[in-house]
Amino acid sequence: MSNSQKLAFAIIEHLSSQLKSGAIVGDSAESLEVSIQCLESVYSINRSDPAQVQRLKSDKSLEEIFESAIQTRGGSTAAQPTEEDRAKAEELKNEGNQLMKSEKYQEAIQCYTKAMELDSANAVFPCNRAAAYSKMGNHQKAIEDCQKALSLDPDYGKAYGRMGLSYHSLNDFQKAKESYTKALELDPGSTFYQNSLSQVEEKIKGSQEQETRPAPGGLPGFGGLDLGSLLTNPAVMNMAQTFMSNPGVQQMMTNMMAGGGSSEMGGAAGIFQAAQQFGEQMQRSNPELFNELRGHAQSAVDEHLLENGNQDEDPKTDDGDANPQ
């Protein structure tokens, strides 16, 4: 009887919400209250029992379940919209598009929602609403609307593209890759989908490399430059000892320790000069080792810039499709 009890609970919740909304009043409200009490009695439901409520409550409301069932069947059980409804829905969509251009995203969402209520079989409306949710940063809602659009039109490339954008914004790069791949299959001429797919593939690759990169000895923030290995390299240590035994260097360090650098800037300049001289000596005495270390350092810097690069190039700021349909 568990499923029947869950269904009865969902019906009771729906009827109770109707009463609370004030949409039903007078004798009708009293009749509804009696119906709720009868259902609670027949199915042994006590809404004051938190444990029972937790066990019987569904993730979605009865209305959401009903709407989902209708859309899954392509709207075959729902009343077909009249021509007047379709025309009004199209007007609301166009109004929403204009509001999007004015960056009035909340108002645009309201227009698209009304259009969906008039014509629930049109995949464009939820897809456009997804764009508005995305602009507001509500990417989970955007994904749900894209999925709704795809349940109506499985070959809707734009819905896959917008879903990819939202997954990208949520840093779910694998799902973003899947969405962009499908969008590109349906719209192979889109440079935006191609560029976006390339970017998420690079991020997936970077994440995988970061996971396999050995952590000990690495320079924080610049993985790949192993300080541990550098400081235990005999050639480097020998050069460092030779450099530090140079009388000129010793004198410079003595001046710094004695306050010869009269300010923090002066001290920093002295350290920089010492480091520069050390690098020049290394380049003269062992150019092969110097070039190898310089290559490691450049690779580390390039990797850091790739991982923390220019945000203006990130497609999360724009879906490449500013104008809804």
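All figures in this text were calculated on a predicted structure; none of them were measured in a lab.

### What to know about the packing of helix 5 (residues 83-101) against helix 6 (residues 105-118)
No. 1: Across the interface, helix 5 lies against helix 6 with an axial gap of 8 Å and an inter-helix angle of 165 degrees. It follows that helix 5 is roughly antiparallel to helix 6 by the angle criterion. Crossing of helix 5 against helix 6: the hand is left-handed. Counted together, Asp85, Lys88, Ala89, Leu92, Lys93, Glu95, Gly96, Asn97, Leu99 and Met100 of helix 5 and Tyr105, Glu107, Ala108, Cys111, Tyr112, Lys114, Ala115 and Leu118 of helix 6 form the full contact between these two elements.
No. 2: Tallied by class, the residues present in the contact of helix 5 with helix 6 amount to 10 nonpolar, 2 polar and 6 charged.

### Some points on the pattern of salt bridges
No. 1: As enumerated under the stated definition, the model contains 7 salt bridges in all.
No. 2: The salt bridge partner of lysine 57 is glutamate 13, with a shortest N-O separation of 3.3 Å. Of this pair, lysine 57 sits in the loop between helix 3 (50-56) and helix 4 (62-72) while glutamate 13 sits in helix 1 (residues 2-21), placing them 44 residues apart in sequence.
No. 3: The exposure class assigned to glutamate 13 is partly exposed, which follows from its relative accessible area of 27%.
No. 4: Its salt-bridge partner being aspartate 145, residue arginine 129 comes within 2.7 Å of it at the nearest N-O pair. With arginine 129 in helix 7 (residues 124-135) and aspartate 145 in helix 8 (residues 139-152), this residue pair connects regions lying 16 residues apart in the sequence.
No. 5: A network of salt bridges, in which partner residues are shared, links Glu13, Glu40, Arg47 and Lys57.

### Structural notes on helix 10 (residues 173-186)
No. 1: Taking 1.5 Å per residue as the helical rise, helix 10 with its 14 residues ought to reach 20 Å, and the 20 Å between its terminal C-alpha atoms agrees with that figure.
No. 2: Taken as a whole, helix 10 has its buried residues at Phe173, Ala176, Ser179, Tyr180, Ala183 and Leu184. Projection of helix 10 onto a plane perpendicular to its axis shows the buried side chains occupying an angular sector of 135 degrees, all on one side.

### Brief notes about unusual backbone geometry
No. 1: Notably, serine 44 is not glycine yet its phi reads approximately 50 degrees, a positive angle.
No. 2: Considering the arrangement of structural elements, one finds serine 44 in the loop between helix 2 (26-42) and helix 3.
No. 3: A positive phi is found at asparagine 171, a non-glycine position, where the angle reads about 65 degrees.
No. 4: Structurally, asparagine 171 is set in the loop between helix 9 (157-169) and helix 10.

### Regarding the UniProt feature "repeat: TPR" (unreviewed entry) in the protein
No. 1: Taking the UniProt record as the reference, the feature "repeat: TPR" (unreviewed entry) is found at residues 89-122, 123-156 and 157-190.
No. 2: As annotated, residues 123-156 comprises 76% helix and 0% strand, and the C-alpha atoms at either end are separated by 8 Å.
No. 3: For residues 157-190, helix accounts for 79% and strand for 0%, while the C-alpha atoms at its two ends are 10 Å apart.

### Considerations on the confidence of the model for the protein
Interpretation of this model should avoid reading the predicted coordinates in detail wherever pLDDT is low.
No. 1: Looking at the protein as a whole, the pLDDT averages 76, with 60% of positions reaching at least 70.
No. 2: The secondary structure element of the protein with the lowest average pLDDT is strand 1 (residues 218-219), at 46, and the one with the highest is helix 7, at 96.
No. 3: In the model, residues 217-225 has pLDDT below 50 throughout and makes 19 contacts with residues more than four positions away in sequence or in other chains.
No. 4: Below a pLDDT of 50 lies the segment residues 260-265, which in the model reaches 5 contacts outside its immediate sequence neighbourhood of four places, other chains included.

Procedures and definitions
- Residues numbered from 1 in each chain as written.
- Predicted model: local features only at pLDDT ≥ 70, side-chain atom pairs only at ≥ 80, totals over all residues.
- Heavy atoms only, no water.
- Axes fitted to C-alpha atoms, helices over the stretch in contact; angles between N-to-C directions.
- Helix = DSSP H or I, 4+ residues; strand = E, 2+ residues; numbered from the N terminus.
- Parallel < 35°, antiparallel > 145°, perpendicular 65-115°, else oblique.
- Left-handed = near helix turned anticlockwise from the far one by under 90°.
- Contact = heavy atoms within 4.5 Å.
- Nonpolar A, V, L, I, M, F, W, Y, C, P; charged D, E, K, R; others polar.
- Salt bridge = Lys/Arg side-chain N within 4 Å of Asp/Glu carboxyl O.
- Buried < 20%, exposed > 50% of the residue type's maximum accessible area, 1.4 Å probe, protein only.
- Expected span 1.5 Å × (residues − 1).
- Arc of directions from axis to C-beta.
- UniProt positions renumbered as here; feature names shortened; annotations may be inferred.
- pLDDT = per-residue confidence, 0-100.

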